[in-house]
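# Descriptive analysis of the structure
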Amino acid sequence: MSSSTSPASHLRPVTAAEEAARPVPAIRIRNLVKSFGDLVAVDNVSLDIGQGEFFMIVGPSGCGKTTLLRILAGLEDATSGTIDVDVPAGSGRPENSMVFQGDSILPWMTVWQNAAYGLRMRNVPANTIKDVVSHYLDRTGLTRFAGYYPHQLSGGMRQRVAIARAFANDPQILLMDEPFSALDAQNKLLLQEELLHIWEEHKKTVVFITHSVDEAVLLGDRVMVMTAQPGWVKLLIDIPLARPRNIMELQGAPEYGDLVQRIWANLRDEVTRAREIAEGLGDPL
Amino acid sequence: MSSEQAAAPAPPRPAPAKRAAKGPGMSLPVRDRILSIASPLGLLLVWELAARFGFIDTRFFPAPSSIFVLLIQMLQSGELITHTMASLRRLFWGTLIGGVPALVLGVVMGLHRATRAIFDPLIAATYPIPKSSILPLALLIFGLGEPSKIFMVAIGVFFPVAINATTGVLEINKIYLDVGRNYKANRWNTFWTIALPGALPVIMTGFKLGIGIGLILIAVAEMIGAKSGLGYLIWSAWETFAVEQMYVGLFMIALIGFALTLALNELERFIIPWKVN
């Protein structure tokens, strides 16, 4: 989980022996580019995300962070570049599962059916589905609502179902696209805590997008600040806060404040620039 | 507005408008229900009186009571049941034969661009043809027997179901299709777990429209070259100038239409339990 904030580390060539000795990253992104016509959404991003790392991406709106995640999810094709996800052979586990921004649980399925969706799609035996789904419904406090339809639930509950669905599918990596952005402050706090709890169980590799610097520091092992148009990696910063984390306690800690300030200082320029681009004042880089 | 308020001594403050809009002691839904039962009964009463007192020509507009008497007689003789069942049977098979392929084609058109590109112009070109004008062709191809009647219903059901199924799938929020892709739903599962349920409310509307058109077409089709069915009943009444029998046929068709609407609404509630009313 080395931070590449210091450019000096890149100057010394890496020997083949060193390269081989490194642990295999969960995700290896190389020279990833995605453009829509003239607009370059993702510009030459290269990145290693470690096994079990909780990786956060922050950036201004429209900076291409969702595009990056959608490429990781296989919902969008990259213009060029490569992504390798380390999936142990024969595990039968899916490469990734996504928790989408906004309502994504299927309105015509009950909470139970939604949580079981990924498992059903890959023909997991019914007994296993039953055990796994029960477990994650329990972990998300949804057991009582297993037979409910989404329209009978609040926004927070619906997002819990989406999280249960993703975890139950047991993917190699979890992708989360601003999963809490539509929730009110209290619900957001609750769900962040619950997410950390569930994550502590298996410590899956997570790639989590947010526009909230607080959220990035509270949840992540490492935070990447992304620039707007074109989107590239401006800053990578380690979050050396101990786990398991208590969100309420953490928010009062001095090191938390320092990290938020450091990231925000970097992000502010980007947010300003993104706004200028949107208003037609500034030029893309 | 209400008599209750007018009689009461002037209140210190005006009563809320909502209260004033109500009749004395009657809720709006109850009042609506009474009105909607009273209006057809009232019409029948006016009709009956007008027929009895000679204000209307009973050769064209026989009194409802005489139509009702004939209806009972025809029920007892079993004649009416036979004709009604004949029409319903054709309606059923036509709906099935026209509706199921239309549903599959429509959903696939919604999911698959190329299929849409192929069938869109064909549907757009054939849809505006009045279906009743195809009847001679149907008789030519299928003969005077059952197949031509069933074909007419099928063609009436086909278009609204196919068009609605395509629209229904295209209107599904893209995020649900993304969910299907991300969770590795294959084509079969995408059809069954996302496209079909997502489009089902719109497809149901298509079936309601289609069955309504099917009912029109079956009546028309049975008037020519049929020996049973409500359309035949009406047509033979014209040939023998049995006007009351004509009205019995019309009444049964209206009743079937009404009953089917109720049944489809119930069915909808049963197969679309997630629909928010």
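It should be noted that the structure appears before, not after, this text.
One structure accompanies this document, and this report is about it. Remember, it's a predicted structure, so these values are computed and weren't measured experimentally. (Residues numbered from 1 in each chain as written. Chains lettered and ligands numbered in written order. Predicted model: local features only at pLDDT ≥ 70, side-chain atom pairs only at ≥ 80, totals over all residues.)

## Description of the overall build of chain B
- Secondary structure summary: chain B contains twelve helices and zero strands in total.
- Ordered by position in the sequence, the α and β elements of chain B form the string α-α-α-α-α-α-α-α-α-α-α-α.
- For chain B, the C-alpha radius of gyration of 25 Å lies well beyond 19 Å, the compact-globule estimate for 277 residues.
- In terms of overall dimensions, chain B has C-alpha extents of about 70 × 70 × 30 Å along its principal axes.
- Here chain B, with 277 residues, has 32% of them falling under the buried criterion.
- If you take every contact in chain B between residues at least 6 apart in sequence, the share linking residues at least 24 apart comes to 69%. (Helix = DSSP H or I, 4+ residues; strand = E, 2+ residues; numbered from the N terminus. Rg over C-alpha atoms; globule rule 2.2 N^0.38 Å. Buried ≥ 20, exposed ≤ 12 C-beta atoms within 10 Å, placed from the backbone. Contact = placed C-beta atoms within 7 Å.)

## Structural notes on the nonpolar core
- Ranked by internal contacts, the top residues of the largest apolar core, which has 125 residues, are Val58, Ala115, Val207, Val223 and Ile263 of chain A.
- Take this core: its biggest share by element is 16 residues, from helix 10 (residues 187-223) of chain B.
- Excluding its chain neighbours within four sequence positions, the residues that come into contact with Val58 of chain A are Thr210, His211, Val213, Ala216, Val223, Val225, Met226, Ile263 and Leu267 of chain A. (Core = buried A, V, L, I, M, F, W, Y, C linked by C-beta atoms within 7 Å.)

## Overview of the sheet that holds strand 1 (residues 27-36) of chain A
All names here are of chain A.
- Read across the open sheet, the three strands follow the order 2-1-4; overall the sheet is antiparallel. Because the sheet does not close on itself, it has two edges, and the strands there are strand 2 (39-49) and strand 4 (80-85). Taking the axes of each pair of neighbouring strands and ignoring which way they run, one obtains an average angle of 20 degrees across the sheet.
- In this structure, strand 1 lies alongside strand 4, joined through five bridges in antiparallel fashion. (Pairing = 2+ DSSP bridges. Axes fitted to C-alpha atoms, helices over the stretch in contact; angles between N-to-C directions.)

## Some details on unusual backbone geometry
Residue and element names in this part refer to chain A.
- Arg243 connects to Pro244 through a cis peptide bond whose omega is -5 degrees.
- Here Pro244 shows up in the loop between strand 9 (233-238) and helix 9 (247-250).
- Unlike most non-glycine residues, Asn31 shows phi in positive territory, near 50 degrees.
- One can find Asn31 in strand 1.

## What to know about the packing of helix 5 (residues 79-111) of chain B against helix 11 (residues 230-239) of chain B
All names here are of chain B.
- For the pair helix 5 and helix 11, the least separation of the axes is 7 Å and the interaxial angle reads 130 degrees. Put simply, helix 5 runs oblique to helix 11. Counting all contacts with helix 5, which are made through His83, Thr84 and Ser87, the residues of helix 11 involved are Leu230, Tyr232 and Leu233.
- When the residues that make up the contact of helix 5 with helix 11 are grouped by side-chain class, the tally is three nonpolar, three polar and no charged. (Parallel < 35°, antiparallel > 145°, perpendicular 65-115°, else oblique. Nonpolar A, V, L, I, M, F, W, Y, C, P; charged D, E, K, R; others polar.)

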